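Secondary and tertiary structure notes
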Amino acid sequence: MLWEDDATIEEAPISDVVDLAFSIRCRQLPVDHLDALSTALQQALPGLQEARIGVHEIHIAGSQNGWERPDPALGQYLTPSRRTRLNIRVPKNRMAEITAALQDQTLDIDGCELTLGPPREKPLLPADTLYARHVLMRDNAEEQDENLFLNRMAAELQESGIKVRKALCGKTAELKTAQGTLCTRSLMIADLSPAESIQLQQRGLGNHQHLGCGLFLPMKGIQHLDADKGD
């Protein structure tokens, strides 16, 4: 954990990046679907990876107590609801082009059909706390020692003009791809200024954003952790 109490209030810039939230029709979806989803999207939208267009993991939250994420080792799948969306982070000036290329397309996601409906534009909003489900780890040492990972993240963000005051990494995950397995950690960064928040959401952190890595979303703050520090 990194922790430093020092923040400066700044006005947030207007973002030139948005999330396109596509409605989807899909009966079931592989739990580890990011590589297959990215591959299918690139067939419909060539150049997706080079344009650093971000593809969010299709996240299905539990709706009742006792809900557990399906286990792919047991042949289980995710079951999207009518409210589930596919979110793609794109430059504003490419929204019309990307919508035309993807809307009404049916994608093959490892044998599961996913049809894209019309998207809704979701502007990036400043939030003092952001969260990424997947940020790529460099090596096994970062998997064993989270401080190595946090220090590298802080250094990379510092280079882009973002001062890390509070950061907390979470669970590790493995993303299966055709080129091999990617090891990731979740990462929360707090006490961001509005300008820093928009910048981090626009730029992301690290590579493989087309596989859902380094994409940040707003979340609730971690003020409750301040009290825990004094215990």
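Scoring rules and cut-offs
Residues numbered from 1 in each chain as written. Predicted model: local features only at pLDDT ≥ 70, side-chain atom pairs only at ≥ 80, totals over all residues. Heavy atoms only, no water. Helix = DSSP H or I, 4+ residues; strand = E, 2+ residues; numbered from the N terminus. Buried < 20%, exposed > 50% of the residue type's maximum accessible area, 1.4 Å probe, protein only. Contact = heavy atoms within 4.5 Å. Areas by Shrake-Rupley, 256 points an atom, 1.4 Å probe, with all protein chains shown as cover. Core = buried A, V, L, I, M, F, W, Y, C linked by side-chain atoms within 4.5 Å. Salt bridge = Lys/Arg side-chain N within 4 Å of Asp/Glu carboxyl O. Pairing = 2+ DSSP bridges. pLDDT = per-residue confidence, 0-100.

1. Quick notes on the overall build of the protein
Across its full length, the protein holds six helices and 10 strands. With 231 residues in all, the protein has 44% of them scored as buried. Put simply, of all contacts in the protein between residues at least 6 apart along the chain, 78% involve residues at least 24 apart. Accessible surface, the protein as shown: approximately 12,400 Å² in total, 46% of it carbon and sulfur.

2. Considerations on the nonpolar core
Counting 29 residues, the largest nonpolar core has Leu41, Leu86, Leu114 and Leu116 as its most contacted members. Listed by contribution, the elements that provide at least two residues to this core are strand 2 (17-25), helix 1 (34-44), strand 4 (85-91), helix 2 (95-102), strand 5 (106-109) and strand 6 (112-123). If sequence neighbours within four positions are ignored, Leu114 has contacts with Ile24, Arg25, Cys26, Leu29, Ile58, Gln105, Thr106, Leu107 and Ile109. In this structure, Ala127, Ala154, Ile162 and Ile189 belong to the second largest nonpolar core, which totals 20 residues.

3. A few points about the pattern of salt bridges
Enumeration over the complete set of coordinates arrives at eight salt bridges. Two residues, Arg94 and Glu97, come together in a salt bridge whose shortest N-O distance is 2.7 Å. For Glu174, the salt bridge goes to Lys176, with nearest N and O atoms at 3.7 Å. A residue is classified by how much of its surface remains accessible, and Glu174, at 46% relative accessible area, is partly exposed. One salt-bridge network, in which partners are shared between bridges, spans Arg138, Glu142, Arg152 and Glu156.

4. Considerations on the sheet that holds strand 3 (residues 54-55)
One open sheet holds the five strands; their spatial order is 3-4-2-6-5, and the pairing between them is antiparallel. Looking along the sheet, the strands with just one partner apiece sit at the ends: strand 3 and strand 5. In this sheet, strand 6 lies alongside strand 2 in antiparallel orientation, the contact comprising seven bridges. Looking at strand 6, one finds that Leu20 is bridged to Glu121.

5. Side note on the pairing of strand 7 (residues 130-136)
Pairing geometry for strand 7 and strand 9 (residues 180-190), over five bridges, is antiparallel. Among the inter-strand pairings, Leu136 is bridged to a residue of strand 9, identified as Thr184.

6. Structural notes on the environment of Lys92
Within the secondary structure, Lys92 is located in the loop between strand 4 and helix 2. Lys92 gets classed as partly exposed once you look at its relative accessible area, which sits at 35%. Note: C-alpha distance between Lys92 and Asp16 (76 residues apart in sequence) is 5.5 Å. With residues up to four places along the chain from it excluded, the contact list for Lys92 reads Ile14, Ser15, Asp16, Val17, Val18 and Glu121.

7. Some words on the pairing of strand 5
Burial along strand 5 is one-sided: Leu107 and Ile109 are buried, and none of Thr106 and Asp108, which face the opposite way, are. By the bridge criterion, four bridges tie strand 5 to strand 6 in an arrangement that is antiparallel. Within strand 6, the residue paired with Asp108 across the bridge is Glu113. Where strand 5 folds back onto strand 6 in an antiparallel hairpin, the turn is made up of two residues, including Asp110, whose phi is positive at roughly 50°.

8. What to know about the confidence of the model for the protein
The share of residues in the protein with pLDDT of 70 or more is 83%, and the mean pLDDT across the chain is 87. Low pLDDT, under 50, characterises residues 221-231; the predicted model gives this stretch 14 contacts beyond four residues in sequence or across chains.

9. Some details on the environment of Ala195
Assignment of secondary structure puts Ala195 in helix 5 (residues 194-203). Take Ala195: its relative accessible area is 17%, and that puts it in the buried class. As a C-alpha pair, Ala195 and Pro126 span 69 residues in sequence and 7.4 Å in three-dimensional space.

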